[in-house]
Amino acid sequence: MGCGYGALQLDENSFTMRVVLSTLVTFATAAKTNQDFSVPGCDASNSVAIVIPTGPYNESTSFQFETEMLSAVARVYNYTRTFAASLSTSGTMRLMVIRFA
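In what follows, the accompanying structure is described. Note that the structure is predicted; figures quoted are calculated from it, not measured. (Residues numbered from 1 in each chain as written. Predicted model: local features only at pLDDT ≥ 70, side-chain atom pairs only at ≥ 80, totals over all residues. Heavy atoms only, no water.)

### So, the sheet that holds strand β6 (residues 91-100)
Phase 1 of the analysis: A sheet is described by the order of its strands in space; here three strands give the open sequence β1-β6-β3, paired in antiparallel fashion. Both edges of this open sheet fall to β1 (17-27) and β3 (47-53), since each of them pairs with a single strand only. Recorded for the sheet is a direction-independent mean angle of 25 degrees between the axes of neighbouring strands. (Pairing = 2+ DSSP bridges. Helix = DSSP H or I, 4+ residues; strand = E, 2+ residues; numbered from the N terminus. Axes fitted to C-alpha atoms, helices over the stretch in contact; angles between N-to-C directions.)

Here it is in structure tokens:
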């Protein structure tokens, strides 16, 4: 159903999602950096990249990686790229790119 406006927002009979990339991302250093992963046919209009911690999450020392979808590339940062004072982190998380149609 829609969002209360009477118009269907998502047709479950024609909408599909598929994981097109699932890989571990490791940052060995806490220096601010990023890594790029090739995902042909994917961009910000038809895909989303997410990262998920692979083990116990320690709130006092662990920080979330950040993702960005570009044209045929999923980019992962070990800091918050839009916040200049953000701290960076090292560690490993699972990157998943999901393409939808």
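### Comments concerning the nonpolar core
Phase 1 of the analysis: In terms of nonpolar packing, the biggest core is built from 15 residues, with Val 76, Leu 95 and Val 97 touching the most fellow members.
Phase 2 of the analysis: Those elements giving two or more residues to this core turn out to be β1, β3, β5 (73-77) and β6.
Phase 3 of the analysis: Sequence-distant contacts of Leu 95, defined by excluding residues within four places in its chain, comprise Leu 21, Ser 22, Thr 23, Val 25, Phe 37, Ala 49, Ile 50, Val 51, Thr 67, Ala 74 and Val 76. (Core = buried A, V, L, I, M, F, W, Y, C linked by side-chain atoms within 4.5 Å. Buried < 20%, exposed > 50% of the residue type's maximum accessible area, 1.4 Å probe, protein only. Contact = heavy atoms within 4.5 Å.)

### Looking at the packing of aromatic side chains
Given two aromatic rings, their pairing is described by the distance between the two centres and the angle made by the two planes.
Phase 1 of the analysis: Evaluation of the coordinates by the stated rule reveals two aromatic pairs.
Phase 2 of the analysis: Considering the side-chain rings of Phe 27 and Phe 65, the 4.9 Å spacing of their centres and the 85 degrees angle between planes classify their relative orientation as edge-to-face. Here Phe 65 lies in the loop between β3 and β4 (66-70) and Phe 27 lies in strand β1, a separation of 38 residues in the sequence.
Phase 3 of the analysis: You can call Phe 27 buried: its relative accessible area is 3%. (Phe/Tyr/Trp six-rings, centres within 6.5 Å; stacked < 30°, edge-to-face > 60°.)

### A word on the sheet that holds β4
Phase 1 of the analysis: Sheet architecture is open: three strands sit in the order β2-β5-β4, paired in antiparallel fashion. Edge positions in the open sheet fall to β2 (34-38) and β4, since each of these has one partner strand only. For this sheet, the mean inter-axis angle between neighbouring strands, taken without regard to orientation, is 20 degrees.
Phase 2 of the analysis: Strand direction decides the pairing type here: β4 and β5, joined by five bridges, are antiparallel. Note that in β5 the partner of Thr 67 across the bridge is Val 76.

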